Amino acid sequence: MEQYVELWIQLQDVHLDEDSVDSISWTLMGDGQYSATSAYIAQFFGAIYSDMNLASALPVPRRTNSVIPASPPSATPIDAAAHAGRDGGGGRAERGEMWVFYLISLPLTAGLVAATLRYFAGPAVPLYVLATVGYAWLCSLSFVILVPADIYTTITGNQKGDVGFFWSWSYWSSFILAWVIVPTIRGYEDAGDFTVKERLKTSIRANLLYYEIVGAIGFFGVILIMIMRHDWGGAILGFAMACSNTFGLVTGAFLLGFGLNEIPKNIWKNADWTRHQKILSHIVAKMDVKLVNAHKEYCNTIAVVQATSKQMSKRDPVRPYMDIIDNMLAQMLRDDPLVKISGGKLEENDMDYDTDEKTMAELRRRLRRAHEEYCRCKSNYTTAVMEALELEDTVTNYEQHDADGWKYVSDIRESRSGTLGSILDHIGMRRQSRFRNIL
């Protein structure tokens, strides 16, 4: 009750103006403006900066009874903290430590991106696509380097560095890649046109349609908000920023929920190797059905290409485009000589691709899509089968570990010879058994 009376006394001379927009003053800064730097420094109130023989404690902000200060202080705790960080000594040693951190973190981040690209990239992915995806991933992982650097410059008070520039570079690079470059390259690769100019036109046309739909929805939402709330005319930018932050937080919460719930749950389920074998058998069956369907579509598309090529004369105006498609099909078959092309069937409208350049581009696009889908299903089927065989080998070796002396014998790879090979087999058996949670 006493606190309520005290608060009432302090606020009795405060008069609010209904026509004025509320504002927030960040009293820890001299100019009253909030910044991420000031928030970082505020976390280190009370820390001690020392240079072996020198130590100075940072001033702790005083607690006052004033609810609304009349004016911001001339020397704020943030300014004092920054000054203490600059005068704390040991600057050269700390800069040397940060260079060591850069020399370690930057190659590790770049190596992680390169290893991920090598693992996920297909054999026929163009170099510019690999470079674009690698650069996008590097921008996404740059926080591993920039966050420690930002905290370091904040603690030391050295705000003249390039950390802010690199934050902006990372943000705008990711923004432009996500909304302009990557969609354009995706549409360019999906287009079946025969020249770079036409493929770019097709990609831009497809992306503009998407941007027009999204922009129309956003514009309608803004107009609706302004109609419902007349005083929101100057707060559209703040509302957009709030929506953006909300989207990021909600997406992050869903991803964290998946990582903290689904992944441990799947690990727990897979601990029962009998149940896991049944699951893998079901997955292999599903992949087999998808592979059969993809192979059927691939064979049908090849039959369409071959039939269209046979009925087209050498003097046909679109014959050069047909030759490009024939060469592409021949290259596909050379890259995968084990594929069996049989059972291809022609549908009612499959012989209408020889009318003009646009229809030939559609045929080329259909062939590329069918080939990529077949390769994707084939890879998924192979991965599922190898995982099932590996689990079967692990279970068999575990059941016979007393007779084999914990030696890992596999039916899908050759056994190792020599002392080193025996040691590696023993380590492999232990690793596989513990990985499958059998032990």
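Above this note sits the structure.
First, a word on scope: everything that follows refers to the structure included in this document. (Residues numbered from 1 in each chain as written. Predicted model: local features only at pLDDT ≥ 70, side-chain atom pairs only at ≥ 80, totals over all residues. Heavy atoms only, no water.)

**Considerations on a positive patch on the surface**
At step 1: Side chains of Lys197, Lys201, Arg205 and Lys358 sit close together on the surface and give a patch of like positive charge.
At step 2: A total of three residues in the positive patch trace back to one element, the largest contributor, which is helix H8 (residues 196-228).
At step 3: For Lys358, a relative accessible area of 64% gives the class exposed. (Patch = residues over 30% accessible without salt bridge, like charges linked within 9 Å, V, L, I, M, F, W, Y side chains within 5 Å. Areas by Shrake-Rupley, 256 points an atom, 1.4 Å probe, with all protein chains shown as cover. Salt bridge = Lys/Arg side-chain N within 4 Å of Asp/Glu carboxyl O. Lys, Arg positive; Asp, Glu negative; His and termini not counted. Charge placed at Lys NZ, Arg CZ, Asp CG, Glu CD. Helix = DSSP H or I, 4+ residues; strand = E, 2+ residues; numbered from the N terminus. Buried < 20%, exposed > 50% of the residue type's maximum accessible area, 1.4 Å probe, protein only.)

**Topic: the state of the cysteines**
Disulfides are covalent bonds that connect the sulfur atoms of two cysteines.
At step 1: Summed over the entire model, instances satisfying the criterion amount to zero disulfides.
At step 2: There is no disulfide at Cys377, and the cysteine sulfur nearest it, in Cys375, is 9.6 Å away. (Disulfide = S-S within 2.5 Å.)

**Let's talk about the pattern of salt bridges**
At step 1: In the structure shown here, the tally under the stated rule is seven salt bridges.
At step 2: For Asp326, the salt bridge goes to Arg319, with nearest N and O atoms at 3.6 Å.
At step 3: Arg319 gets classed as buried once you look at its relative accessible area, which sits at 13%.
At step 4: With a closest N to O distance of 2.6 Å, Glu373 and Arg376 form a salt bridge.

**Considerations on helix H6 (residues 143-156)**
At step 1: With 14 residues, H6 should reach 20 Å at 1.5 Å per residue; the first-to-last C-alpha distance of 19 Å fits that figure.
At step 2: When H6 is considered as a whole, its buried residues turn out to be Ile145, Leu146, Ala149, Asp150, Tyr152, Thr153, Thr154 and Thr156. (Expected span 1.5 Å × (residues − 1).)

**Points about the nonpolar core**
At step 1: In terms of nonpolar packing, the biggest core is built from 23 residues, with Tyr298, Val305, Met322, Ile325, Met360, Leu363 and Leu367 touching the most fellow members.
At step 2: Breaking this core down by element, the ones donating at least two residues are helix H10 (273-311), helix H11 (319-335) and helix H12 (357-399).
At step 3: For this core, the element with the most residues is H12, which contributes seven residues.
At step 4: If we skip the residues at most four places from it in the chain, Leu363 touches Val304, Val305, Thr308, Met322, Ile325 and Tyr353. (Core = buried A, V, L, I, M, F, W, Y, C linked by side-chain atoms within 4.5 Å. Contact = heavy atoms within 4.5 Å.)

**A short note on the packing of H11 against H12**
At step 1: For the pair H11 and H12, the least separation of the axes is 10 Å and the interaxial angle reads 5°. One element, H11, and the other, H12, form an angle in the roughly parallel class. Judged by residue contacts, Tyr321, Met322, Ile324, Ile325, Met328, Leu329 and Met332 of H11 engage Glu357, Met360, Leu363, Arg364, Leu367, Arg368 and His371 from H12.
At step 2: Here the contact of H11 with H12 is built from residues that sort into ten nonpolar, one polar and three charged. (Axes fitted to C-alpha atoms, helices over the stretch in contact; angles between N-to-C directions. Parallel < 35°, antiparallel > 145°, perpendicular 65-115°, else oblique. Nonpolar A, V, L, I, M, F, W, Y, C, P; charged D, E, K, R; others polar.)

**Structural notes on the packing of helix H5 (residues 127-141) against helix H7 (residues 163-190)**
At step 1: The geometry of H5 relative to H7 is characterised by a closest axis approach of 10 Å and an angle of 150° between their N-to-C directions. It follows that H5 is roughly antiparallel to H7 by the angle criterion. Note on packing geometry: the crossing formed by H5 with H7 is left-handed. For the pair H5 and H7, contact is made by Tyr128, Val129, Thr132, Tyr135, Ala136 and Cys139 and by Trp169, Ser170, Ser173, Ser174, Leu177, Ile181, Val182, Ile185, Tyr188 and Glu189, respectively.
At step 2: Here the residues of the contact of H5 with H7 are counted per class, giving eleven nonpolar, four polar and one charged. (Left-handed = near helix turned anticlockwise from the far one by under 90°.)

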